[in-house]
Amino acid sequence: MLAVRDERRGRAAQAELSGGSSEVRLVDLADLDSVRAFADGLDRVDVLINNTGVMALPRTLSEQGQEMQSAVNHLAHFALTGLLLDRLATGTDLRVVTVSSVLH
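Please read these numbers as outputs of a predicted model, since none were measured by experiment. (Residues numbered from 1 in each chain as written. Predicted model: local features only at pLDDT ≥ 70, side-chain atom pairs only at ≥ 80, totals over all residues. Heavy atoms only, no water.)

Draft legend 1. Expanded view of the pairing of strand β4 (residues 95–98). Relative to β4, strand β3 (residues 47–50) runs parallel, the two sharing 4 bridges. What sits directly across from V47, in β4, is R95. Note that the unit made of β3, helix α3 (residues 68–88) and β4 has a crossover that is right-handed. (Pairing = 2+ DSSP bridges. Helix = DSSP H or I, 4+ residues; strand = E, 2+ residues; numbered from the N terminus. Right-handed = clockwise from strand over helix to strand, strands pointing away.)

This is how it looks when you write it as structure tokens:
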């Protein structure tokens, strides 16, 4: 499954990565309500790769009032991982990978 903020770009990545055999789901990492809704829609998770980033934004706040860069790059990953812990705990070869930009 690919969790994306832009469906068009997500579908392009889907075609390149899996030949279209994966699922694409929208999630807005700048909105913790969207992160929760995304997590609530998952039954099982074998591997979670937190890979997103925004950089050098003008001062902007997330839906919950957090500074946007921190909300997207850190708080959303932390929240999503926490919300999925019970589903991660049911697998056998679990992995959570969080990456950051080379610019970071």
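Draft legend 2. Looking closely at helix α2 (residues 32–40). Taken together, the buried positions of α2 are S34, V35, F38 and A39. The arc that holds every buried residue of α2, seen down its axis, measures 135°, which confines them to one face. Relative to its buried face, α2 has exposed residues pointing more than 90 degrees away, namely D33 and D40. Of the surrounding secondary structure, the elements contacted by the buried residues of α2 are β1 (2–4), β2 (24–26) and α3. (Buried < 20%, exposed > 50% of the residue type's maximum accessible area, 1.4 Å probe, protein only. Arc of directions from axis to C-beta. Contact = heavy atoms within 4.5 Å.)

Draft legend 3. Structural detail: the pattern of salt bridges. Applying the stated rule across the entire model yields 4 salt bridges. Between R11 and E7 there is a salt bridge, with its nearest N and O atoms 3.0 Å apart. Here R11 pairs with E7, and both are found in helix α1 (residues 7–18), just 4 residues apart, close to one helical turn. Close ionic contact of R87 with D86 constitutes a salt bridge, the shortest N to O distance being 3.2 Å. With relative accessibility at 14%, the residue R87 sits in the buried group. (Salt bridge = Lys/Arg side-chain N within 4 Å of Asp/Glu carboxyl O.)

Draft legend 4. Broad picture of α1. Taking 1.5 Å per residue as the helical rise, α1 with its 12 residues ought to reach 16 Å, and the 16 Å between its terminal C-alpha atoms agrees with that figure. Capping the start of α1, D6 holds a side-chain oxygen 3.1 Å from the backbone nitrogen of R8, two or three residues further along. Directly after α1, the chain includes G19, whose backbone phi takes a positive value near 65°. (Expected span 1.5 Å × (residues − 1). Polar contact = N/O pair within 3.5 Å; in protein donor to acceptor, adjacent residues only side chain to side chain.)

Nothing here speaks to function; it is geometry throughout.
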